[in-house]
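Architecture at a glance
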Amino acid sequence: MSSSLRSPTAAVGDLSPRRKSLVLAICCLSIVVVVMDISIVNVALPAMRRDLGASESGLQWTVDAYTLVLAAFLVLAGSTADRFGRRRIFMCGLGAFGLGSLLCGLAPGIGWLVAARAVQAVGGTMLNPVAMAIVANTYTGAAERARAIGVFTSMSGLALALGPIVGGGLVDTFGWRAVFWVNVPIVAVAIVCSALYVPESRAGRARRFDPVGQVLMVVVLGSVVYAIIESGALGWTSPPIVGLLALAALGTACLVGYELRRADPLLELRLFRSVPFSSAIVTALLALCGFGAFLFVTTQYLQDVRGLPPVTAGLCLLPVGVPVLLVSRRIGRMVGARGPRLPLVIAGGALALGGGLSLGLGSVVWIRPGSRGPARTLAALSSVADAPRRLPPPPCDRTHRTPLPDPA
């Protein structure tokens, strides 16, 4: 084996094509376990409820504790990696994700499971953005970088496609705890390979930490999520929910006012002056919220109402992930050749069509609970309703895929 293949500190320009491919494979492995954990856990929710005696809000926290921590600390993880070294933070993220997965599998109750999911998410925040930066730093040529990032991002489709099937098989064979334990050996392999093959890199100028902005973001996101989850039990007009929403509004006002005055803000709010960027963010937010709700409800419906075993329920969700893998790169070429308008029109039309057909499906599935036909129809509709996620808003997509220069 050549020295450039073995040395983790070799300069990026000295990396051989084989070494670059290994780095890309390691980063792809990280995105697969992070994204797969979303769909694989949803399939296991009914088994968790039966085993742990969890309420519906407890199951929501099991899912949302992960995504809440990811959203709150994603930017901080990226700036920390720029300052202290991307490979170092990437390996720390792998370790935290593996530890969180192990703790999830050992959780004796729903509260412990939610806490372990938060630990798992802390690791996840250090994987996705840092892995993207490692890939962009490894492939320095414009063409090879575009191809590498295309491969990296397409892994999310592969993970979503495999997640329900792998999760269903694990739940059927070993129980719901296996959907977390399966991450541990994968993470261990990734840590060893990262130490051997991923070169260390840092930003030329790291962004300064913004502790006030970080605290305000946690307050805003936490208040909104808590209010939404607990509103079903407490009611929207109850004092705790009204207080949380008021706190979120106050936190948002403070966050905007504070961030606009900072030279190195946690959130670059000036980007929202661009109408295409703001529209892309809103579109992506609504589409992903709809997709998350669809996945949460559908996995429980297929198993608890339709009576399907976990692996069959996973197969019904296969149309959600496979088109992502098949279509994402073609959509990128379409945007480059014809602009963003057509993909956005297709995405919006598919979302409206899928939602309308799903509303019409409601009377069918509840009138004939013994038939499996509606479940197959639901699987087909999921492919239509998921189209907005396969057609990402191009301004936002271009913004996060294009490496930005270091601030002056």
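The structure contained in this document is the topic of the report that follows. (Residues numbered from 1 in each chain as written. Predicted model: local features only at pLDDT ≥ 70, side-chain atom pairs only at ≥ 80, totals over all residues. Heavy atoms only, no water.)

The subject of this paragraph is the overall build of the chain. Secondary structure assignment for the chain yields 18 helices and 0 strands. Taking all 408 residues of the chain together, the buried fraction comes to 48%. Sequence separation of at least 24 residues holds for 80% of the intrachain contacts in the chain that already meet a minimum separation of 6. (Helix = DSSP H or I, 4+ residues; strand = E, 2+ residues; numbered from the N terminus. Buried < 20%, exposed > 50% of the residue type's maximum accessible area, 1.4 Å probe, protein only. Contact = heavy atoms within 4.5 Å.)

Turning our eyes to something else, we now look at the nonpolar core. Core analysis: the largest hydrophobic core is formed by 65 residues, its most contacted members being M48, F90, L113, V135, F152, W176 and F180. Per element, the largest residue contribution to this core is 19 residues, and it comes from helix 2 (residues 17-52). If we skip the residues at most four places from it in the chain, V135 touches L24, C27, A148, I149 and F152. Listed in part, the 6 residues of the second largest apolar core include W61, L68, V114 and V225. (Core = buried A, V, L, I, M, F, W, Y, C linked by side-chain atoms within 4.5 Å.)

Take the packing of helix 4 (residues 86-106) against helix 6 (residues 128-138) next. Two elements in contact, helix 4 and helix 6, have axes whose closest approach is 9 Å; the angle formed by their N-to-C orientations is 145°. For the crossing formed where helix 4 meets helix 6, the hand is left-handed. For the pair formed by helix 4 and helix 6, the contact residues are R86, I89 and F90 on the first element and V130, A131, A133, I134 and N137 on the second. The residue inventory of the contact of helix 4 with helix 6, partitioned by class, reads 6 nonpolar, 1 polar and 1 charged. (Axes fitted to C-alpha atoms, helices over the stretch in contact; angles between N-to-C directions. Left-handed = near helix turned anticlockwise from the far one by under 90°. Nonpolar A, V, L, I, M, F, W, Y, C, P; charged D, E, K, R; others polar.)

One pass over the structure, following the stated rule, counts 3 aromatic pairs. An angle of 25° between the planes, with centres 6.5 Å apart, marks the rings of F84 and F209 as stacked. In this pair, F84 sits in helix 3 (residues 56-84) while F209 sits in the loop between helix 9 (183-197) and helix 10 (211-234), placing the two residues 125 residues apart along the sequence. Among the residues examined, F84 registers a relative accessible area of 39% and is labelled partly exposed. Taking the relative accessible area as the measure of exposure, F209 reaches 35% and is therefore partly exposed. Centre to centre, the rings of W176 and F180 are 6.2 Å apart; their planes meet at 90°, and the pair counts as edge-to-face. (Phe/Tyr/Trp six-rings, centres within 6.5 Å; stacked < 30°, edge-to-face > 60°.)

Here we take up the pattern of salt bridges. The tally for this structure, following the rule as stated, stands at 5 salt bridges. A salt bridge links D210 to R262; its shortest N-O distance comes to 3.5 Å. One end of the pair, D210, is in the loop between helix 9 and helix 10; the other, R262, is in the loop between helix 11 (239-259) and helix 12 (275-305), with 52 residues separating them in the sequence. For D210, a relative accessible area of 5% puts it in the buried group. Relative accessible area serves as the criterion here: at 16%, R262 is assigned to the buried category. (Salt bridge = Lys/Arg side-chain N within 4 Å of Asp/Glu carboxyl O.)

The topology assignment puts D82 in helix 3. The exposure class of D82 is buried, given its relative accessible area of 19%. Sequence separation between D82 and V130 is 48 residues, and the spatial gap between their C-alpha atoms is 8.6 Å. At a separation of 3.2 Å, a polar atom in the side chain of D82 contacts the side chain of R86. (Polar contact = N/O pair within 3.5 Å; in protein donor to acceptor, adjacent residues only side chain to side chain.)

With respect to the helices and strands, G169 occurs in helix 7 (residues 142-174). You can call G169 partly exposed: its relative accessible area is 26%. In this structure the C-alpha to C-alpha distance between G169 and V43, which are 126 residues apart in sequence, comes to 9.9 Å.

For the rest of this paragraph, the subject is the side chain of T138. As for its placement among the helices and strands, T138 is situated in helix 6. For T138, the side chain forms a polar contact with the main-chain oxygen of I134, separated by 2.7 Å.

Moving on, we get to helix 9. In a regular helix each residue adds 1.5 Å, so 15 residues correspond to 21 Å; helix 9 covers 21 Å between its end C-alpha atoms and thus fits that length. Every buried residue of helix 9 is listed here: N183, V187, A190, S194 and Y197. In a view along the axis of helix 9, the buried residues occupy a sector of 115°, so they form one face of it. (Expected span 1.5 Å × (residues − 1). Arc of directions from axis to C-beta.)

Glancing now at a nonpolar patch on the surface. On the surface, a nonpolar cluster with roughly 450 Å² of combined accessible area is contributed by L99, L102, L103, L106 and W181. It is helix 4 that contributes the most residues to the nonpolar patch, 4 residues altogether. Its location among the elements puts L102 in helix 4. (Patch = residues over 30% accessible without salt bridge, like charges linked within 9 Å, V, L, I, M, F, W, Y side chains within 5 Å. Areas by Shrake-Rupley, 256 points an atom, 1.4 Å probe, with all protein chains shown as cover.)

Function cannot be inferred from these measures alone, as they are strictly geometric.
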